[in-house]
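Structure assessment
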Amino acid sequence: MSEDARLVAWVRGRVQGVGFRWFTRARALEIGGLSGFALNVADGRVQVVAEGPRERCEALLDWLRGDDTPGRVEGVTEIWDTPRGGYDGFAIR
């Protein structure tokens, strides 16, 4: 059984106004077993919080860093933590 984890990622580049949060939610739902949100940050980044099995969080992180995202990702910074819970599905904020 996989250990649950909390991924907090900040995605920088041209990631606002291109549907990035919507596609991130769609990918999280496609991966399955993840809860959390995607949020535009005032400085132009998108913050992604995902909780669930660590390998599924890693799959979402791989996608965030890949070439299949909308816009242009210049970099992703992530922090791993223990899950806090309290999310109902995966939301766009």
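None of the values given here were measured: they were computed from a predicted structure.

**Some remarks on the overall build of the chain**
Assigned secondary structure in the chain consists of two helices and five strands. In the chain, the order of α-helices and β-strands from amino to carboxyl end is β-α-β-β-α-β-β. A compact globule built from 93 residues should have a C-alpha radius of gyration of about 12 Å, and the chain, at 12 Å, falls within 12% of that. With respect to the principal axes defined by its C-alpha atoms, the chain has extents near 35 × 25 × 20 Å.

**With respect to the pairing of strand S1 (residues 4–14)**
Judged from the eight bridges that link them, S1 and strand S3 (residues 46–53) form a sheet pairing that is antiparallel. Among the inter-strand pairings, Trp-10 is bridged to a residue of S3, identified as Gln-47. Pairing between S1 and strand S4 (residues 72–81): nine bridges, direction antiparallel. Residue pairing for S4: Arg-6 is matched across the bridge by Asp-81.

**A look at the UniProt feature "active site" (unreviewed entry) in the chain**
When the UniProt feature table is mapped onto this chain numbering, "active site" (unreviewed entry) sits at Arg-21 and Asn-40. The greatest C-alpha distance among the annotated residues, which extend across 20 residues, is 7.7 Å, indicating that they converge on a single site. Mapped onto the elements of the fold, Arg-21 is located in helix H1 (residues 20–31). Judged by relative accessible area, which is 25%, Arg-21 ranks as partly exposed. Setting aside residues no more than four positions away along its own chain, Arg-21 makes contact with Ala-38, Leu-39, Asn-40, Val-46, Ile-92 and Arg-93. Here Asn-40 is to be found in strand S2 (residues 35–40). Beyond its immediate sequence surroundings of up to four residues, Asn-40 is in contact with Gln-16, Arg-21, Arg-45, Val-46 and Arg-93.

Definitions and cut-offs
Residues numbered from 1 in each chain as written. Predicted model: local features only at pLDDT ≥ 70, side-chain atom pairs only at ≥ 80, totals over all residues. Heavy atoms only, no water. Helix = DSSP H or I, 4+ residues; strand = E, 2+ residues; numbered from the N terminus. Rg over C-alpha atoms; globule rule 2.2 N^0.38 Å. Pairing = 2+ DSSP bridges. UniProt positions renumbered as here; feature names shortened; annotations may be inferred. Buried < 20%, exposed > 50% of the residue type's maximum accessible area, 1.4 Å probe, protein only. Contact = heavy atoms within 4.5 Å.

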